[in-house]
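So you can see what is in the structure, the chains are spelled out below.
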Amino acid sequence: MGGEYLANLADSLVTVMDKMAGLTCEWSEKAPQLPAITEGVTVVSLLGFTGAEKGRVVMEMDIETAQKIGEALNQEELGPFDKMIFYALSELSNIFCGAAITQINNGPRRPGLRLTPPNILVGEGLEIFGERAHLETASVFWEGGLIYIHLSLEGGAAL
Amino acid sequence: MMAENQTQKRIMLVDDSPFIHKALSKALVPAGYEICGTFRNGLQAVEAYGNLLPDLLIMDITMPVMDGVQAAREITARYPGAKIAMLSAMGDEDILAEAKEAGALGFMTKPFANDELLAAVSDYLTK
């Protein structure tokens, strides 16, 4: 189930990046094992979902990628750490997760998932998950950078 | 653009994301609509609605403090003629049914294309 959810999320991010920012992306399940504590200045958006399954989705990227995507979404140049970059990325995460969960909810299992609003964190050395958390990660890449989507389902098993 | 003799329609926006306020304003204002207020949760919308009495309220569903469905329910209970359109990233059948039951005229999904948004807004305003 985790793999199916991750595929839905990654497909959705690729579609939404194209629709919202005109950025062509591809994704792969072959993501590197990332350190538990992020390296360099990192931007993450955290969303939770509840329903028949509970879990957390994290969108992660470095600050340079965040700047480029934030400017593409806002359709204007923005200064470093401009708050509109982070508002845009927060909404990007909300939209791609919402679209993915809608597709899952309308599928045969109808798990009735509901999203919690996103929270954005920006900084160095962020510990998003504990070292022992079971994560599934997809890489979404485009010519300007790389985005990771992490999925953690409650219970920790590879559901 | 709006014809000169046409009254400018006033639209109230409720979404927890300032990015969405900006995106909607960039689409609606050049088309001749006035944004009469922007709010970031459903409770703020309930409290402000009576003072603003907009021609159309465009509201997100997933928001902190009070979600859009509950806010729509409270606003339509107090103002039965309120025109509310939901705009959400979530669009499954259960949510559509909840929004309709709460009194929403219609439902738009994010991300939106400006021409689709303007067509939907025009449609809701004539209902």
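Residues numbered from 1 in each chain as written. Chains lettered and ligands numbered in written order. Predicted model: local features only at pLDDT ≥ 70, side-chain atom pairs only at ≥ 80, totals over all residues. Heavy atoms only, no water.

Per an unreviewed UniProt entry, the recorded name for chain A is Chemotaxis phosphatase CheX-like domain-containing protein, and the organism is Heliobacterium mobile.

Packing of helix α3 (residues 83-105) of chain A against helix α1 (residues 18-28) of chain B brings their axes to within 8 Å, and their N-to-C directions diverge by 90 degrees. The orientation of α3 of chain A relative to α1 of chain B falls into the category roughly perpendicular. Between α3 of chain A, through M84, Y87, A88 and E91 of chain A, and α1 of chain B, the contact on the second element is made entirely by P18, F19, I20 and K22 of chain B. (Axes fitted to C-alpha atoms, helices over the stretch in contact; angles between N-to-C directions. Helix = DSSP H or I, 4+ residues; strand = E, 2+ residues; numbered from the N terminus. Parallel < 35°, antiparallel > 145°, perpendicular 65-115°, else oblique. Contact = heavy atoms within 4.5 Å.)

Turning our eyes to something else, we now look at helix α3 (residues 68-78) of chain B. Residues and elements named next belong to chain B. Within α3, burial applies to G68, V69, A71, A72, I75 and T76. Looking straight down α3, one finds its buried side chains confined to an arc of 155 degrees; they lie on one side. Residues of α3 that are exposed and angled more than 90 degrees away from the buried face: A77 and R78. The inward-facing, buried residues of α3 abut α2 (42-52), β3 (56-59), β4 (84-88) and α4 (93-101). (Buried < 20%, exposed > 50% of the residue type's maximum accessible area, 1.4 Å probe, protein only. Arc of directions from axis to C-beta.)

All names here are of chain B. Along β4, five of the five residues are buried, which leaves the element largely enclosed by surrounding structure. Burial along β4 is two-sided: I84, M86 and S88 and A85 and L87, pointing in opposite directions, are all buried. Pairing of β3 with β4, which is carried by three bridges, proceeds in the parallel orientation. When the bridges of β4 are listed, I58 appears paired with A85. (Pairing = 2+ DSSP bridges.)

On to the packing of aromatic side chains, then. Counting across every chain of the model gives three aromatic pairs over all chains. Residues Y5 of chain A and F49 of chain A carry aromatic rings whose centres are separated by 6.4 Å and whose planes lie at 70 degrees to one another, so their mutual orientation is edge-to-face. Taken together, the residues Y5 of chain A in helix α1 (residues 2-21) and F49 of chain A in strand β2 (residues 41-50) connect sequence positions 44 residues apart. In terms of burial, Y5 of chain A and F49 of chain A fall into one category: buried. Here Y49 of chain B and Y79 of chain B contribute two aromatic rings whose centre-to-centre distance is 5.1 Å and whose plane-to-plane angle is 45 degrees, an arrangement assigned as tilted. Residue Y49 of chain B is found in helix α2, and its partner Y79 of chain B is found in the loop between α3 and β4; the two are separated by 30 residues along the sequence. (Phe/Tyr/Trp six-rings, centres within 6.5 Å; stacked < 30°, edge-to-face > 60°.)

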